[in-house]
Amino acid sequence: QVQLVESGGGLVQTGGSLRLSCAASVSITSINAMGWYRQAPGKQRELVARFTSGGTTNYADSVKGRFTLSRDNAENTVYLQMNSLKAEDTAVYYCNLIVAYHNYWGQGTQVTVSS
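Below or above, wherever it landed, is the structure these notes cover.

### Remarks on the overall build of the protein chain
Logical step 1: Along the backbone of the protein chain there are zero helices and eleven strands.
Logical step 2: For the protein chain, the N- to C-terminal ordering of α and β elements is β-β-β-β-β-β-β-β-β-β-β.
Logical step 3: Against the 2.2 N^0.38 benchmark of 13 Å for 115 residues, the protein chain shows a C-alpha radius of gyration of 13 Å, consistent with a compact globule.
Logical step 4: Relative to its full complement of 115 residues, the protein chain shows a buried share of 39%.
Logical step 5: In the protein chain, 54% of the contacts between residues at least 6 apart in sequence involve partners at least 24 apart.
Logical step 6: Working note: accessible area of the protein chain is about 6,200 Å², and carbon and sulfur atoms make up 46% of it.
Logical step 7: The centroid of the 9 positive side-chain charges in the protein chain is displaced by 5 Å from the centroid of its 7 negative side-chain charges.

Structural data, given as structure tokens:
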């Protein structure tokens, strides 16, 4: 079983910044994919940013140029730096990890951007 612990969510004003953290209970150097999804009330889950096993980084078009995904392999942690936040970014953000044919999710951390 893999555990993912998220932190860093909160309330910010439009134009502000937050940094989300996701610490995994396993090494993140041999995983298939790891990153962040988000889900707003009444909406479907959507990809925000993700590292893939092929060495690529995927960003949703809506966050390109504003969000940056990074990692610390020694700490088994990925980070999502979110700048220039908009009201549309308000959602519960979920850390996601895919490894060995299993899909793991964190508990979610709330990000609220006031308009």
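### Focus on the sheet that holds strand E8 (residues 77–82)
Logical step 1: One open sheet accounts for four strands, arranged E1-E3-E8-E7; its pairing is antiparallel. With one partner strand each, in any of the chains shown, strand E1 (4–7) and strand E7 (67–72) form the two edges of the open sheet. On average, adjacent strands in this sheet sit at an angle of 15° to one another, irrespective of strand direction.
Logical step 2: As paired strands, E1 and strand E3 (residues 18–24) are joined by four bridges and run antiparallel to one another. The residue of E3 that forms the bridge with Ser7 is Ser21.

### Comments concerning the state of the cysteines
As used in these notes, a disulfide is a covalent bond between sulfur atoms, one from each of two cysteines.
Logical step 1: Taken as a whole and assessed by the stated rule, the structure comprises one disulfide.
Logical step 2: For Cys22, the disulfide goes to Cys95, at an S-S distance of 2.0 Å. Between Cys22 and Cys95, the S-S dihedral sits near -85°, and the bridge is therefore left-handed. One end of the pair, Cys22, is in strand E3; the other, Cys95, is in strand E9 (residues 91–99), and 73 residues separate them in sequence. Just as Cys22 is buried, Cys95 falls in that class too.

What counts and how
- Each residue is numbered by its place in its chain's sequence as written, counting from 1.
- A pLDDT threshold of at least 70 governs which residues receive local features in this predicted model, and a stricter bar of 80 or more applies before side-chain atom pairs are shown or counted, although totals over entire chains, interfaces and linings include all residues.
- Computation of side-chain values covers all heavy atoms of the structure but excludes hydrogens and water.
- Counting from the N terminus, the helices are DSSP H or I runs at least four residues long and the strands are E runs at least two residues long.
- Only C-alpha atoms enter the radius of gyration, while the globule expectation follows 2.2 Å times N to the 0.38, with N the number of residues.
- Think of it in three bands: with a 1.4 Å probe and only protein chains considered, a residue is buried below 20% of the maximum accessible area for its type, exposed above 50%, and partly exposed in between.
- Note on contacts: a residue pair is in contact if any heavy atoms of the two residues lie within 4.5 Å.
- Computed with the Shrake-Rupley method and a 1.4 Å probe, the accessible areas treat only the protein chains shown as cover for residues.
- Just so you know, the count uses Lys and Arg for positive and Asp and Glu for negative, and it drops His and the chain ends.
- Charge positions are represented by NZ for Lys, CZ for Arg, CG for Asp and CD for Glu.
- We treat two strands as partners when DSSP finds at least two bridges between them.
- Where helices are involved, their axes are fitted lines through C-alpha atoms of the stretch in contact, as for all axes, and angles between N-to-C directions lie from 0 to 180°.
- The disulfide criterion is simple: two cysteine sulfur atoms within 2.5 Å.

Interpretation in functional terms is not warranted from these geometric data alone.
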